[in-house]
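This is what each chain is made of:
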Amino acid sequence: MTKLLQTEIPLNPHVAALPPYNAGMNIAAARKHSGRQDIAGLASNENPDGCSPRVAAALAGLNPSRYCDPACTALRAALSNKLGVPTERIVAGNGSEDMIAAVCRAVLSPGALAATVCPGFGLHEIEALANGARVEKVAMRADLEFDVPAIVAMLARAPAIFFLSSPSNPVGPALDRESLNRVLAAVAPETLLVLDEAYFEFTDEDMPDGLAALSATNLSWVVLRTFSKAYGLAGLRVGYAVMSDARLARVVTAAKTPFNVNAAAQVAAVAALEDEAWMRSSVAALKSERARVADAVAAMGLAAARSQTNFLFIDVGWDSRAALDHFLSKGIIVKPWKEEGYETFIRMTIGTPSENDRFLDALRALASG
């Protein structure tokens, strides 16, 4: 009997051609790869302090048999109270990554120009490509600071969306007030500026609040923030977007799937907002450790970008994948960077003091090898 050949169904060419997202290695995979149990996970920018004790208390009374609130009413009300923004301009999602995807679906048409910065957060490119957009990138300067004139020149072309993470992921610096104002002044009326402030809570006091700056303009904009980093809720996947107007928020909401912020995530996020003191204390300690680790890296003669985040972007002088193997042999996960021109860089998350000491010892061994 002749076996029939399977017919390949046509696939969405935009999605089929997408580059993979560099998600990094998890602890279970690192244990299997290295044979070690004492793994320091310093790749995914999680909060080593965990989360506020109020979160666990709030989750104790959760009934998982009931559907969550698809409108995230309590969470959006809490965010409205914190930010001074009407609830109808706030959209919650399954992490800020979900918001990136929804914004792209809401705004981009095939062939539209989307722009971002390089090195950058991979989903700013991937989600735009998935919707058939063309993506062009503005490179960071050689000193790993934002190239503001080049960003302004790109904005003069009026892309449909410009994704800008400030503080930068994966590099670390944030736009100062003068630079941010120059960027905002260059945004065309037909461009949606998406300011990704996932690491906003880690910035120094003299750095600008992007939401406040954009709220004073007549531009079309989205500000992205998350509970994954400073608030320590990475595993629950909850983030949010603040929009320039309710019309944009309605369309972005329509571009999401329903019930996509689960009940545990909503309860946890509200509880985290009620304990800002815990978050601020954790962030202060992490910033102190960030400065200590950065000084130690500089003392080794290695280049690291200025950071306003909970991580450092370091040129280790080795192929980043070989560097990952070295760190794994010491029981440490870092994130090797793979974008062209940055293949000798790694990104390391600021962990506990003991984890950071382990990292520095391993880095010294790598640098001396």
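Scroll up to find the structure this text is about.
Residues numbered from 1 in each chain as written. Predicted model: local features only at pLDDT ≥ 70, side-chain atom pairs only at ≥ 80, totals over all residues. Heavy atoms only, no water.

S.K.: Quick question: what am I supposed to make of the overall build of the chain here?
M.R.: Regarding its fold elements, the chain presents 14 helices and 13 strands. When its C-alpha atoms are laid out on the principal axes, the chain stretches across 65 × 60 × 55 Å. Classification of the 369 residues of the chain by burial places 52% in the buried group. Taking the contacts inside the chain whose residues are at least 6 apart along the sequence as the reference set, 75% of them involve residues at least 24 apart. For the chain, the computed accessible surface area is about 16,500 Å², with 53% contributed by carbon and sulfur atoms. Distance between charge centres in the chain, computed from 34 positive and 39 negative side chains, equals 5 Å. (Helix = DSSP H or I, 4+ residues; strand = E, 2+ residues; numbered from the N terminus. Buried < 20%, exposed > 50% of the residue type's maximum accessible area, 1.4 Å probe, protein only. Contact = heavy atoms within 4.5 Å. Areas by Shrake-Rupley, 256 points an atom, 1.4 Å probe, with all protein chains shown as cover. Lys, Arg positive; Asp, Glu negative; His and termini not counted. Charge placed at Lys NZ, Arg CZ, Asp CG, Glu CD.)

S.K.: I would appreciate a short explanation of the sheet that holds strand 2 (residues 90-93) in the present structure.
M.R.: The strands making up a sheet are joined through hydrogen bonds of the backbone, oriented either antiparallel or parallel. Across the sheet, seven strands lie side by side as 2-8-7-6-5-3-4; this open sheet has mixed pairing. The open sheet terminates on both sides in strands that have one partner only, identified here as strand 2 and strand 4 (134-139). Strand-to-strand twist across the sheet, computed as the mean angle between neighbouring axes with direction ignored, equals 20°. Pairing analysis gives six bridges linking strand 3 (residues 113-118) to strand 4, with the strands arranged parallel. (Pairing = 2+ DSSP bridges. Axes fitted to C-alpha atoms, helices over the stretch in contact; angles between N-to-C directions.)

S.K.: I'm lost on the state of the cysteines in this one. Help?
M.R.: A covalent bond bridging the sulfur atoms of two cysteines is what the word disulfide describes. Summed over the entire model, instances satisfying the criterion amount to zero disulfides. Counting only cysteine sulfurs, Cys72 is the nearest neighbor of Cys51, a cysteine outside any disulfide, at a range of 18 Å. Here Cys68 is not disulfide-linked; the sulfur of Cys72 is the nearest cysteine sulfur, at 6.7 Å. Using a relative accessible area of 11% as the deciding quantity, one classes Cys68 as buried. (Disulfide = S-S within 2.5 Å.)

S.K.: I tried to follow the nonpolar core on my own but got confused; where do I start?
M.R.: The tendency in soluble globular proteins is for nonpolar side chains to be buried side by side. Core analysis: the biggest nonpolar cluster contains 90 residues, and Leu75, Phe162, Phe227, Phe327 and Phe359 have the highest contact counts within it. Setting aside anything within four residues of it in sequence, one finds Phe162 in contact with Ala115, Thr116, Val117, Val138, Ile151, Met154, Leu155, Thr191, Leu192, Leu193 and Val194. Core analysis: the second largest hydrophobic core is formed by 26 residues, Ala102, Phe163, Val194 and Ala249 among them. (Core = buried A, V, L, I, M, F, W, Y, C linked by side-chain atoms within 4.5 Å.)

S.K.: It is not clear to me how the pattern of salt bridges should be interpreted in this structure. Could you clarify?
M.R.: When the charged atoms of two side chains with opposite charge come close together, those side chains can pair. The full count for this structure, using the stated rule, is 18 salt bridges. Residue Glu145 is joined to Arg306 by a salt bridge in which the shortest nitrogen-to-oxygen separation is 2.8 Å. Within this pair, whereas Glu145 is found in the loop between strand 4 and helix 7 (148-155), its partner Arg306 is found in the loop between strand 9 (303-304) and strand 10 (311-315), the two being separated by 161 residues in sequence. In this structure Glu145 comes out as buried when scored by relative accessible area, which is 17%. For Arg306, a relative accessible area of 36% translates into the label partly exposed. The salt bridge partner of Arg225 is Asp209, with a shortest N-O separation of 3.1 Å. Taken together, the residues Arg225 in strand 7 (residues 220-226) and Asp209 in the loop between strand 6 (192-196) and helix 9 (210-215) connect sequence positions 16 residues apart. Overall, Arg225 belongs to the buried group, its relative accessible area being 3%. Beyond isolated ion pairs, a larger network of salt bridges with shared partners links Arg36, Asp38 and Arg358. (Salt bridge = Lys/Arg side-chain N within 4 Å of Asp/Glu carboxyl O.)

By themselves, these figures tell us nothing about what the structure is for.
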